[in-house]
Structure formats: C-alpha cells, structure tokens
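Topology and contacts: notes
Chain residues, written in single-letter form:
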Amino acid sequence: MSWNPRTIIDSGEFGDPFTILDRDVEMLLHLAKSKGLEAQVTGELRLDSVTRFAVSQVTQHHDLSTLSLQLVLYKDGRRSTASTTLIDHPETLLKQAEDALNGSPPNEFDQGFPSPRPGDSLDLSAKPWTIEERADAVITSVNAAEEVDSGVIVAGTASSTSNYFRIISTEGTDVESASSGNYFKVNSILGPPESRGYGQEETQWRHTMPSFENYAQEATRTAKDTLDLKTFVPGEYEVVLGPRAVTDLMNFIQFGTNPVGFHEGTSYSADKLGDQVFDEKITIRDLPKDASKVFFTRLFDSEGIPTQNRIFVEDGSLKFIPYDSFSAAKYLGDKNEATGNSGGGFFGGAFLGSAILELGDQSIEDQILSIKDGLYVKSFWYNRFTDRRRGGLTGLTRNGLYHIKDGEINGAVRNLRYTESFLRAFEQGNVQSIGNESRMFMFNTVPSVHLSKFRFSSVAHSMS
Amino acid sequence: MSNRIDDDIMSYALEKGQSYDMTYVDVKWMSRDSRKLNVKNGALERNSQSTSQGIGIKMLVDGGYGFAASNIVTKKSIDNLAKRAFRVAKASGITMKRPISLAEEPVYEDTVQTPTNKDPLNQPVEETVAVLVDATKEADNGDPRIKARNAVFSTWSDHMVLWTSEGTKIDQKIIVTGGGVDTLAVQGSNVERRSYPASFRGNFATAGYEYFEDLDLVNISPKATEEALRLLDAPHCPSINDATIIIKPAQLMLQLHENGHGFEIDRAYDYEAAFAGTSFMKPHLVDELMFGNELITIYGDATYPRGLGTFYYDHEGVKAQKTTLVEEGKLVAYLSSRETAPLKGWKRSSGSARALNYARMPLIRMTNINLKPGDWNFDEMIEDTKDGYMFDTNVSWSIDDLRLSFQFGTEIGWRIENGEITGLIKKPSYTGITPQFWNSADAIANEDSFQMYGTPNCGKGEPGQVMYTGHGASPTRFRNVRIGVVQS
C-alpha cells in the first residue's frame, strides 16, 4: 500500500503548505518551458524543532519551518541554479536564473537533466516528538544524572526534523519524498573547572524512544570515571572502538567515496574499485530506503532519481562509486548512469549517506574480554583528513577512553590524539571482530569494532 | 533578488510578541542574497544564485528563551510564530534553575551598510566567469600531472532588520566578496594542491567587487601550478620534536581561529559542552592565565576595515567593539553576549552574538581575532633563523574540545638554513598545546607583513550555524615545536 508523503506534516498545526508549494513549482516549470528552456524545479518543506540544554537547563529552543524553491535551468550545455525562500515570486526567481544562464559559457560535459525513472512509495516517517515531550526529556535526564552524582552538570540536545520535497522537470520527472526523525544527546560534566570528567551518549531514533534515564546515567558514569585519569604514552594499541567512535571513521570512508575524488585521484577509492581495500569482515551497505535501519532516508535523490539500497563494500572489496547526473556525464559519458546519490552539489555531487556496517557476532563485552592490554575508545572528536588519497586522518578521543587490562576495564585514560589511516585501521587482518549490536547515527548505523592496532600520536593535555 | 521588509510588518510582529506575558522580545528579519561561481579546467561547473529571507521572533518568558521563525512573512504567519515562540519559551522556562537576565545596552536607531565601490551581486555573471576561465587557463602549463585547475568566486549580502521591545531599530547590510584559485597535481598516489590567496575557496572580505578584482587571480594562478608541481618532487616534512618554525598568515589565521574559539564565553561556562565543547580558559583564569608570552596581544575586533568578521551591530543590537582578549600574554576578556556577559559580572556584552540567518538564535561568534603585529622586518626574521622551517596555507586542522591540543597541516613548507630559504618541503604538519605554543613565540613580523584572512565556514550550534569570521596576523616565529607528525 502506498504512503502519502504529505501526511508527514501535521496540517492541524502547520496548515496546508502544499498548495503554495505545488502552485510555485508548477508555475516555475511552466514559465521556463514557455521560454524554451529545460528546467528542474524543487520545492522543499523542512520543519526543525531543536531543544538545547546546558548547565542542566534549556538554553535554546528553536522552532523552525522553511519552505524553499530551487530552479535549475539548462540550455545547450549552459546551466544555472537559483534558489529562494522568498515565496510568491516565481517570475523573479526565473529571471535571476535566466540572467545567470545567459552569462554562462557552455560546458561540453553537461548533458542536462536525467531521464525520469519510477520509484517507490514507502513510509519513512518517525514518531512525532513534541516541544513539551522534549522539555520533559531534559528534566528526566537531569534527574537521572543527578541520581548517579548530585554534582553533575548536564547538557545535550533533543530535536525533531521533518522534511518533504517535490521535484519536477521538463524531462518528465515528477516525484516526491518525505522523511522524519528524532535525535537525543546527553553530556555529563563532573569535577572542578581545572580538572573535569566528561561523558556523552547520543542516538538518532525514529519509532522507539530511547531511555533518556539510561543514557544520562551512562554519560554521568563516564564523567565520573574520567575524573581520575592515567596518562598513556602515544603509540600503537589494540583497541575496541565503540559505535560512536566507529561512526566517525565510517563518515570519512563514505564521504571520501565521491566521483570527483575517484576520477581526479584524490580519494582513497581511486583505482580501487573492485579491489579488496578493507578486512574481509567489513561489509557496508547503503540503505536510503530502509527506515528501520538508517536515519538518513529518502526515496529520491536531489535530482529526482530513485535511491537504491545497495552494497558498497562486500567482504572488504569496494563495489560502488556514487554518481550524480553531471559527474556521470562528465566521467562516464552518460547522464543516465547517475546512481540516485546526488547530494545537490555537496560532497562532489554524489555521496553515500545511509550506510550500515554489517553486524558481527561479538558483544562489546566479549570484545573487551578478548583484550589483554589495550584501549576502549567511546568516541572521537574533530576528525580531519591529513591525506585523502591514503585515508589519513587525525582526531582525538573524547568522552571516555579506557584502559583494558586482562579483559577488564582498568580505569580511564587521558585523551589521546590519533593520526591514523582508515585504510590501515580496517586493513585485512587488523579487524579482529565486529560487534553484534548497532547504534543509529546521522549518516550510518554501526556496531563496535575490535582492531589489532591503532596509532595514537600524542597526549591531549589538560590544564591540571 | 533584493528584497525588503515593510515597517508595518516589523511593527505588527513586535506588537504581537509584546502582547504575551514576556520580559523581552525581539523581531529579526534577515535576507541573504548570494552568488557562487566555480570554474574547473576552463569550464563553468557551478553557477548558483540564492536568496533566503524570513522572520524570527525571540521571546524571554519566565527566564527562558523561546524562538520561532518562518520564511512566510505574513501577519497570519506572524500570529502563529509569536504563539509558538511563547509556547517554546514557556517550555524552556519550566527547566530554568538560573533565569536569563540580559546585560544592558543603549537603544539604537541606525541604518548601516558595508562600504563598496561596486555591488558584487550586480556584476554581470559573464564578466566574472571570464576572469575565472582565464585564471584556470593561465594555470595550465601543459604538464599531464595537473589534474584540476579551479577558480572560484563567492559573494553574499546579509541584510538584517532588528527591532526590540527596548526600542532598538537597526537596519544593517553586510556585503562579502571573495575568490581564489587552486591547482591539483597528482603523480601516482602522490597528491599535492596549492591555493592562492588561501585554501578552501580563497580569501574573503567585507567589501565590494573591487576586492575580487584586487585578488588578481589570472596573474597569481601560474604560481599555484608551479608550486603544486614542485611539491610533488619535494622531500617530506621531517619528524622533529623541537623545530623552529615561522608560520605565515594564511596558516596562522586558522591557528588564531581554532584557539580563538576558546575566548567564547559560552564555551567557558559550559553552554556548548554538548556540541562544540568547552574551553581550557575557565572563568577563574581571567587576569591570571598567561595564554602566551609578552609578545602576544590578541584582539577581538569587529571594527577592523574589510575584516570578514566586521559589522556595525551584532544580532542582539549591541554595537561592534574592539575587545582586547589577550594583553601581553595574559587572558583578560572573553567574547560575550547580552545573556552571557552577566555570568562573569560584566555589565556590557562584547557584541559578539550573531546568527546564520533569520531562522537561528544568535550564538557567540568570533569577530576578527587578530594578533597584534611585532617589530620584526620579515626578511630579517628569516635571516635570523639559522635552522628552521616556514609553513603556509592551511590544509588540515584538528583541536580538542578544550581548544588546548591541536594539530595542523599546511599545503606548503620551506626549509630555512643559515638565514636563507633553501627549498620546499611537502605535507608539513605541526602539533602542540595552546598556551605552550603561544609562549614559545619569539618574533612577530611588523605591520608591513600583516594580512587579513577570512574563514567563511565556521560551524557552531545546533541546529547548525555557519558564520564568517576574520583573522589577521603577521608571520610569527615559534621555537621548540613538534613537526612532521603526519608521515605517509
């Protein structure tokens, strides 16, 4: 049974934005056609409701609704894009795009808009999370954290997002998609200003509300643990990376795989399609249509091409490079080789944003139990490429780094900076096991991973 | 697509907000007009124009803030916004243990705009594209190892109309223009990129189209190509624990930026603990902590001409200021807002609260974080360096959540031996601890070598806000720095 994506908006609260949206996108396409131009028009409605809390109280509370229009014009290899949140002025938007088009030289690679393809109609909605429920979640979290330690300072975020878009084009595309989701994060801080302990837990969620109490108490226990730190010398350590740490490395693998980097030679994926680049235990799927498994879901990409659930890395082998229609035309010679991964100009035009790392058979407790002397990393922070071609990254541990001794947690460790390549971290033979339980994050859903070695380059000092 | 807000809509929104049981309300209408052009290898690959506008109502109720915004600017929509702002403020208010009180600020009625000679949004697209095409053509020397030659132009205009229940009425337009070139050279798995005048879309200023013309991209682009190719064959930056390095402004600007986040008072008081992080410069350290040595004086200066963080009023209606953050090495102040200045007992905000657009609440954002120039002639600084390295143009950056432990990579480095530059090094990197690093400075070049750079994409907050900030510095020499952390 098909799902009506327009039901994602509560018309009782927000009225009927679709009448305006339909009128403007159809008017724009009509106006462009009447001038002999090829056009693609996107109308988007986005609702963001975000509650931020800090020092154990709400500090910011945003409630946002945005209706926007994007017009892309194309003629004889020339292309321009104009977008606006100024509704009711389609003629002005058209003129702006037209002026820009007339000032453009033709691009020999550009073949125009992709041909229409049929897609699915699936329910990608989440349980609505009201303003009052989020304020209650804040109070619940603070109370639960204070049960662990009455001196805790609690911070975090509780948010709810809904997104709807319709794309129509002179090629005949006319598609719509909608999705929604929720996010909860709690941070706990303990100790004097010059020597603090920090903990954090977070998750995206769609239908099953997480236990805010459990998350707040786990974060507070981590903050308590990290008040008393051992200092480890930098070097290579056997590690268990918790799901929050794995998601950071996965983001770089996903966004490092883009058509520009692949073809220009700046990406780790260059010359590697079909090759084994990771350990055979690593299988990654991109599942933009599976709302039960991933957070970033959509039925169509930003060009109106249907998304597809597909294999990205299979048993360690790189199987897939994403393309939008421009990069497909430029690098493959055919705009219709586009894969349904267009990000609307970001990340080299196409990206993988809905990945899952397939589960293994080890619980995180089993993974820790199997280590004689190593580290457990709960999360990373401020990760950046140092060498895109080699998958080189640097970043720091944050919100919980623990020593593992003879299979048991043996105290918290002062944060370390890592300087490591994800190609080396996940290379054949270095992945000991994959965890059997996942957590959902913005662009991927991942379990813990046990690695034989991981390179830390320096100690992150504190002021104490 | 220039647009304006009518006074009667602003007046209606303010009155509607004031009709609720609140202690403060402001109405902020903002619009952004922008244009971005990218040329790669002589072909136009991005030609985008954008206009966003809308209105936000921020309300203080029971000591808690509520904010609602929409791009539908009608009286009916405003009725709903005011209702929702009040509702979320009430929901916030029930959690408040320390109600918000605002630092006082005079009431202003003012209309201001960035001075420009040529409106960048009204320049014909074809003229700018022609410059960019020429720049990428000039960067082509026929070497097959050159895989990409890029030239970019960006401009935007942020128009804010802010009315508050205290009587302030500000109409402010900030205009930004920028551009740059870069060349990508690839030989096997050896990848080098060289950018001018800075990496990541070039450099930016609050200025008109004349700033883009002054960048002279057509004449600078061959240098990017030449250096990218030379870097392919250059030796790798060595691994040394106690090197002497001179950092040029196109890298030092990002050092100032990343360390500069630590001066944001919301971080110092844990308001950003859940996302951006906190600061090692805790409130009790003001007037005590030696951030650097006596050579180091750092300003937060929202008034610096053409700085990317230059404006007239912040988004709480506070007049732009020049604040000394570090005076001869000592931490003396923070960047603050009306909500946060009272936390430290200060009576006035430093005027640092800005929002991405109509749909965001203002956060404390850096303005222009500038290092006061020293008295060294730059050439004499090199001559005085017997065994060292010089780094320029950021390519990689990472710093911990306290803004204490950092690691940077740059596009290019030079070897200095016996007071002379003797060659290039590739993949330079350095790491350190913020106060140790700034205490190791032993020479700062004079004002003749001072350069302003802009960082247009500084992220902070949830929902995410991207802000533009400026950073000025002269080349500065540091001792005992660990370099060459990143090895292949």
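Predicted, not measured: the structure shown is a model, and the values here were computed from it.

The next subject is the overall build of chain A. If you tally the helices and strands in chain A, you get 10 helices and 22 strands. For chain A, whose C-alpha radius of gyration is 24 Å, the value lies close to the compact-globule estimate of 23 Å for 464 residues. Its C-alpha atoms give chain A principal-axis dimensions of about 75 × 50 × 45 Å. A burial count over chain A gives 61% of its 464 residues as buried. If you take every contact in chain A between residues at least 6 apart in sequence, the share linking residues at least 24 apart comes to 71%.

The next thing to look at is the overall build of chain B. Each helix and strand in chain B was counted, giving nine helices and 23 strands. With the C-alpha coordinates aligned to their principal axes, the bounding extent of chain B is approximately 70 × 55 × 35 Å. Relative to all contacts within chain B whose residues are 6 or more apart in sequence, the contacts with residues 24 or more apart total 76%.

Attention now goes to the environment of B:R338. All names here are of chain B. Looking at the secondary structure, you find R338 in the loop between β12 (330–331) and β13 (353–354). Judged by the 22 C-beta atoms lying within 10 Å of it, R338 falls in the buried class. Residues R338 and S11 lie 327 residues apart in sequence; the distance between their C-alpha atoms is 23 Å. R338 has contacts with L102, A103, E105, E316, V318, S349 and A353, leaving out every residue within four places of it along the chain.

Residue and element names in this part refer to chain B. The assigned domain composition of chain B is domain 1 (7–233) and domain 2 (240–483). Contacts between the two partners involve 46 residues from domain 1, matched on the other side by 36 residues from domain 2. Elements with a minimum of two residues in the side of domain 1 that touches domain 2: β1 (24–40), β2 (43–61), β3 (64–70), β5 (146–164), β6 (169–187), β7 (190–196), β8 (203–205) and α5 (217–233). Looking at the side of domain 1 that touches domain 2 element by element, the count peaks at six residues for β2. Each residue belonging to the side of domain 1 that touches domain 2 can be placed in one class, and the counts come to 22 nonpolar, 13 polar and 11 charged.

Residue and element names in this part refer to chain B. Reading across from one edge, β12-β11-β10-β15 is the order of the four strands in this open sheet, with antiparallel pairing throughout. The two strands at the open ends of the sheet, each matched to only one other strand, are β12 and β15 (369–371). Strand direction decides the pairing type here: strand β10 (residues 298–301) and strand β11 (residues 322–327), joined by four bridges, are antiparallel. Within β11, the residue paired with I298 across the bridge is V326.

Counting buried positions along strand β3 (residues 78–84) of chain A yields six of seven residues, so the element is predominantly enclosed. The pairing of strand β2 (residues 57–75) of chain A with β3(A) spans seven bridges and is classified as antiparallel. By the bridge assignment, A:V72 is partnered in β3(A) with A:T81. Connecting β2(A) to the next strand, β3(A), in antiparallel fashion are two residues, including A:D76 with a positive phi near 50°. Relative to β2(B), β3(A) runs parallel, the two sharing four bridges.

Moving on: the domain arrangement of chain A. Residue and element names in this part refer to chain A. Segmenting chain A into domains produces domain 1 (5–218) and domain 2 (228–459). Put simply, the middle of domain 1 and the middle of domain 2, counted by C-alpha atoms, are 24 Å apart. Every contact between the two is made by 27 residues of domain 1 and, on the other side, 25 residues of domain 2. Every element with two or more residues in the side of domain 1 that touches domain 2 is listed here: β4 (153–169), β5 (174–190) and β6 (197–205).

Compared with the 20 Å implied by 1.5 Å per residue over 14 residues, the 20 Å span of helix α3 (residues 125–138) of chain B between its first and last C-alpha is a close match. All of the buried residues along α3(B) are B:V125, B:T128, B:V129, B:L132, B:A135, B:T136 and B:E138. Those residues of α3(B) that are buried are in contact with α3 (90–102) of chain A together with β1, β2, β5, β6 and α5 of chain B.

Residue and element names in this part refer to chain A. Across the eight residues of helix α8 (residues 325–332), six count as buried, placing the element largely inside the fold. Those residues of α8 that fall on the buried side of the exposure criterion are S325, F326, S327, A328, A329 and K330. In this fold, the buried residues of α8 make contact with α7 (259–264). Note on α8: the residue one or two positions beyond its end, G333, has a positive phi of about 85°.

So, on to the nonpolar core. Counting 278 residues, the largest nonpolar core has A:L28, A:L71, B:A85 and B:I245 as the members making the most contacts within it. Considering each element in turn, this core owes the most residues, nine residues, to β5(B). The residues touching A:L71, leaving out its near neighbours within four places in the chain, are A:L28, A:A39, A:V41, A:A82, A:L93, A:L94 and A:A97.

Across the boundary between the two partners, chain A contributes 78 residues, which contact 71 residues of chain B. The biggest single contributor to the side of chain A that touches chain B is β2(A), with 11 residues. Of the residues contributing to the side of chain A that touches chain B, the split by class is 27 nonpolar, 35 polar and 16 charged. Relative to β3(B), β2(A) runs parallel, the two being bridged by four bridges. From the neighbouring strand, A:S65 faces β3(B), where its bridge partner is B:S70.

With that settled, consider the packing of helix α4 (residues 131–148) of chain A against helix α2 (residues 75–93) of chain B. Relative to each other, α4(A) and α2(B) sit at 15°, their axes nearing to 9 Å. Relative to α2(B), the element α4(A) is oriented roughly parallel. When you trace α4(A) past α2(B), the crossing you get is right-handed. Only B:R87, B:V88 and B:A91 of α2(B) make contact with α4(A), whose side of the interface consists of A:I131, A:E132 and A:A135. Residues belonging to the contact of α4(A) with α2(B) are distributed by class as follows: four nonpolar, no polar and two charged.

So, on to the packing of α4(A) against helix α5 (residues 212–225) of chain A. Residue and element names in this part refer to chain A. The N-to-C vectors of α4 and α5 enclose an angle of 40°; their axes lie 8 Å apart at closest approach. Judged by the inter-axis angle, α4 sits oblique to α5. The interaxial crossing formed by α4 with α5 has right-handed handedness. Here A137, T140, S141, A144, A145, E147 and V148 of α4 come into contact with α5, specifically with F212, E213, A216, Q217, A219, T220, R221 and K224.

Looking now at unusual backbone geometry. Residue and element names in this part refer to chain B. A cis amide bond links Y196 with the next residue in sequence, P197, at an omega value of -5°. For the peptide bond that leads from E462 to P463, omega is -5°, which places it in the cis range. In the Ramachandran plot, N41 falls in the positive-phi region, its phi being about 50° despite a non-glycine side chain. For N41, the location among the structural elements is in the loop between β1 and β2. Among the residues examined, N41 registers 16 C-beta atoms within 10 Å and is labelled partly exposed. With phi around 55°, D62 is a residue other than glycine that occupies positive phi space. With respect to the secondary-structure elements, D62 resides in the loop between β2 and β3. Taking the C-beta count within 10 Å as the criterion, D62 has 17 such neighbours and is therefore assigned partly exposed.

A word on the sheet that holds strand β11 (residues 317–318) of chain A. All names here are of chain A. Read from one edge of the open sheet, six strands run β11-β10-β9-β12-β21-β20, paired in mixed fashion. Edge positions in the sheet fall to β11 and β20 (439–440), since each has one partner strand and no second. By the bridge criterion, two bridges tie strand β12 (residues 355–357) to strand β21 (residues 444–446) in an arrangement that is parallel. The partner of I356 across the bridge, within β21, is T445. Across the sheet, helix α6 (residues 243–255) is in contact with β12, β20 and β21; its angle to β21 comes to roughly 135°.

Further remarks concern the environment of B:Q451. Residues and elements named next belong to chain B. You can see Q451 is positioned in strand β21 (residues 451–460). We classify Q451 as partly exposed; it has 17 C-beta atoms within 10 Å. When the C-alpha positions of Q451 and I265 are compared, they lie 27 Å apart, and in sequence the two are 186 residues distant. Excluding anything up to four places from it in sequence, Q451 contacts P249 and G472.

Right, let's talk about the pairing of strand β17 (residues 405–417) of chain B for a bit. All names here are of chain B. By the criterion of burial, β17 is predominantly enclosed, with 10 of the 13 residues buried. Note: strand β16 (residues 387–399) against β17, 11 bridges, orientation antiparallel. Counterpart to N394 in the pairing with β17 is T410. Sheet topology note: the β17/strand β19 (residues 429–433) ladder contains five bridges and is antiparallel. Within β19, the residue paired with Q407 across the bridge is T431. Where β17 folds back on strand β18 (residues 420–425), the antiparallel hairpin that results is connected by two residues, among which N418 adopts a positive phi of roughly 50°.

The rules behind the values
Residues numbered from 1 in each chain as written. Chains lettered and ligands numbered in written order. Predicted model: local features only at pLDDT ≥ 70, side-chain atom pairs only at ≥ 80, totals over all residues. Helix = DSSP H or I, 4+ residues; strand = E, 2+ residues; numbered from the N terminus. Rg over C-alpha atoms; globule rule 2.2 N^0.38 Å. Buried ≥ 20, exposed ≤ 12 C-beta atoms within 10 Å, placed from the backbone. Contact = placed C-beta atoms within 7 Å. Domains from an automatic or database assignment. Nonpolar A, V, L, I, M, F, W, Y, C, P; charged D, E, K, R; others polar. Pairing = 2+ DSSP bridges. Expected span 1.5 Å × (residues − 1). Core = buried A, V, L, I, M, F, W, Y, C linked by C-beta atoms within 7 Å. Axes fitted to C-alpha atoms, helices over the stretch in contact; angles between N-to-C directions. Parallel < 35°, antiparallel > 145°, perpendicular 65-115°, else oblique. Left-handed = near helix turned anticlockwise from the far one by under 90°.

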